[in-house]
Amino acid sequence: MTQTDPQIPAADGETEEIFGVSQTLFDDVLDAVEAQDVVTLDALLDPQHPADVAHLIEQLDGKDRRALLSLWKGGMDGEILSELDENLREEVIEGLAPDELAEAVRELDSDDVVDLVEYLDEDQQEAVLDALEPSDRVVVEQSLSYPEESAGRHMQVELVRAPAHWTVGEAIDYLRSDVVLPDQFYHIILVDPRLKAVGYVTLGRVLSHPREMPLRDLMEDSFRTFHVAQDVEEVAQAINHYHMITAPVVDDDDRVIGVITIDDAMAFLEEEAEEDILRLAGVGEGSLSDSVIETTKQRFPWLAVNLVTAILASLVISMFEDVIAGLVALAVLMPIVASMGGNAGTQSLTVAVRALATRDLTGSNVWRVIRREVLVGLINGVLFAVVMGAVGVIWFGTPMLGVVIAVAMVVNLVVAGLAGTGIPILLEKIGVDPALASGAFVTTVTDVVGFFAFLGLAAAWLL
């Protein structure tokens, strides 16, 4: 996701980047691409972090991006591909020659390769898999065989095991031998003779204790395992909740077959949070790199849903045509009641959806949360009712009109609190993503109730 790069003031009054792609670098790269200057392009991009190079590529328009990729032969590596927005990966991979692709993915960990290929079409998947060593290909294909949102799909198989009866000295000798180790790891996972995980030890504790110390005596209290078929979001939540660094993944026989590390877990939680925000706004899972047609397709369905809800609200209004014709002031004040209810409902909805996503809202506290939101709606409703009641009297000189809008305001804000919390909970119970569908239902409820309460009370008390 492209965003403004953080900046700090420099001594001369200009700004310098804390991290990310500076405007100067962006302009220099564009100049090098236009001049077909490969030497300058290499000098500019080679020292950059893969995340920054990916960010720069995402900022370019389609024409400049294709020109850069055709010019910068051999510069693309697997880490840059992993950092790229997944909507751009297909385009970039299509532009790579088979030997370039092979070189790019060869050094990636298994979970990064899986993340790279899982959303590609079959031909591109095959191109990436063909670039791997046979043993690595088997590992990736095994991971791809697990369900999409499972721990098995997102784990990396590169890990360090050691028998639980070893000492610190034996573990250090093993690590210093010619065994192939992951590029980065934080724990040694202790296993019994059947390869079942019994605990893990941090490298820091291994290095800070004498050689004769048994590894069993250094095991961490945070140790717990996760089944290969378990939802990866649950694993990520557990890693965050228990402050874990490594989460061992086990098969049906409790044998450890991979790990999910904290960096991958936090990236997944960030991605889920971003998806929830986008879905709440009804814009799907698009990015700034999507085309006009793709963006239109993503947003059209929910605009259509909003049109249906607006028609429902209009039908309620049409039931009171004579009432509105008899007192024009109602038409002036109607949008206020509906708007306040919609905003209050969105506030409760956002809190509820996020709490459901983080597992903070559960069966044990659901009624307390609903009661809280309803009471908040009641208190805010009373406060704003006083304000709008006074506005109604001062503006239109009709005390009863002030009473009508005041009561309607209280009713709609109470219903908004109830709907904003209750609808996401109900949708999750029936297996529908609350972030995706709640907004349309809550808006419908607050609009319909707001108009019906206001116009119904006006019909009963004013006419």
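The text that follows walks through the structure, step by step, so that each part is easy to find. Please read all numbers here as calculations on a predicted model, not as lab measurements.

## Focus: the overall build of the chain
In terms of regular secondary structure, the chain is built from 21 helices and eight strands. In summary, the chain has a C-alpha radius of gyration of 29 Å against a globular reference of 23 Å for 463 residues, an excess of more than 25%. Viewed in the frame of its principal axes, the chain has a C-alpha envelope of about 90 × 60 × 50 Å. Classification of the 463 residues of the chain by burial places 44% in the buried group. Across the chain, the fraction of contacts at a sequence separation of at least 24, relative to all contacts at a separation of at least 6, is 64%.

## Overview of a nonpolar patch on the surface
On the surface, Leu 307, Val 308, Ile 311, Leu 312 and Leu 315 cluster together into a nonpolar patch covering about 450 Å² of accessible area. Topologically, Leu 312 is positioned in helix H16 (residues 292–318).

## What about the sheet that holds strand E8 (residues 256–261)?
Strand order in the open sheet formed by three strands is E6-E7-E8, and the pairing between neighbours is mixed. Either end of the sheet is taken by a strand with one partner, and the two such strands are strand E6 (226–227) and E8. Looking at chain direction, E6 and strand E7 (residues 246–250) are connected through two bridges and run parallel. Across the sheet, the residue bridging to Phe 226 is Val 249, located in E7.

## Details of the pattern of salt bridges
On inspection of all chains with the given rule, the structure shows 12 salt bridges. Salt-bridge contacts for Asp 173 lead to Arg 211; the nearest nitrogen and oxygen are separated by 2.8 Å. In this pair, Asp 173 sits in helix H12 (residues 168–175) while Arg 211 sits in the loop between helix H13 (203–207) and E6, placing the two residues 38 residues apart along the sequence. The partner of Arg 255 in a salt bridge is Asp 251, and the shortest N-O contact between them spans 3.2 Å. Look at Arg 255 and you get partly exposed, because its relative accessible area is 36%.

## What about the environment of Pro 210?
Positionally, Pro 210 belongs in the loop between H13 and E6. Classification of Pro 210 as partly exposed rests on a relative accessible area of 40%. C-alpha of Pro 210 to C-alpha of Glu 118: the two residues are 92 residues apart in sequence and 45 Å apart in space.

## Side note on the side chain of Gln 237
With respect to the helices and strands, the residue Gln 237 is situated in helix H14 (residues 232–241). Owing to a relative accessible area of 13%, Gln 237 belongs among the buried residues under this scheme. Within the structure, the side chain of Gln 237 is placed 2.9 Å from the backbone oxygen of Ala 357, a separation counted as a polar contact.

## A closer look at the nonpolar core
The biggest cluster of nonpolar side chains holds 42 residues, and the ones touching the most others in it are Val 29, Leu 41, Leu 56, Leu 68, Met 76 and Leu 81. When residues no more than four places from it in sequence are discounted, the contact partners of Leu 68 are Val 29, Val 33, Leu 41, Leu 45, Leu 56 and Leu 60.

## A few points about the side chain of Thr 261
Looking at where Thr 261 falls in the secondary structure, it is placed in strand E8. By relative accessible area, which is 7% here, Thr 261 ends up buried. Leave out the neighbours within four places in its chain, and Thr 261 touches Gln 156, Tyr 186, Ile 239 and Ile 245.

## Considerations on a negative patch on the surface
Taken together, Glu 86, Glu 148, Glu 149, Asp 231, Glu 234, Glu 270 and Glu 271 make up a surface patch of like negative charges. Here Glu 148 lies in the loop between helix H10 (134–144) and helix H11 (151–154). Look at Glu 148 and you get partly exposed, because its relative accessible area is 40%.

## Considerations on the pairing of E7
E7 sits mainly inside the fold: five of its five residues count as buried. Because side chains alternate across E7, one face comprises the buried residues Thr 246, Pro 248 and Val 250, and the other comprises Ala 247 and Val 249, equally buried. A crossover links E6 with its parallel partner E7, the connecting element being H14, and its sense is right-handed. Taken together, the five bridges between E7 and E8 define a ladder with antiparallel strand orientation. Residue pairing in the sheet places Ala 247 in a bridge with Ile 260 of E8. The hairpin turn running from E7 into E8, its antiparallel successor, is five residues long, and Asp 254 in that turn takes a positive phi close to 65 degrees.

Rules behind the numbers
Residues numbered from 1 in each chain as written. Predicted model: local features only at pLDDT ≥ 70, side-chain atom pairs only at ≥ 80, totals over all residues. Heavy atoms only, no water. Helix = DSSP H or I, 4+ residues; strand = E, 2+ residues; numbered from the N terminus. Rg over C-alpha atoms; globule rule 2.2 N^0.38 Å. Buried < 20%, exposed > 50% of the residue type's maximum accessible area, 1.4 Å probe, protein only. Contact = heavy atoms within 4.5 Å. Patch = residues over 30% accessible without salt bridge, like charges linked within 9 Å, V, L, I, M, F, W, Y side chains within 5 Å. Areas by Shrake-Rupley, 256 points an atom, 1.4 Å probe, with all protein chains shown as cover. Salt bridge = Lys/Arg side-chain N within 4 Å of Asp/Glu carboxyl O. Pairing = 2+ DSSP bridges. Polar contact = N/O pair within 3.5 Å; in protein donor to acceptor, adjacent residues only side chain to side chain. Core = buried A, V, L, I, M, F, W, Y, C linked by side-chain atoms within 4.5 Å. Lys, Arg positive; Asp, Glu negative; His and termini not counted. Charge placed at Lys NZ, Arg CZ, Asp CG, Glu CD. Right-handed = clockwise from strand over helix to strand, strands pointing away.

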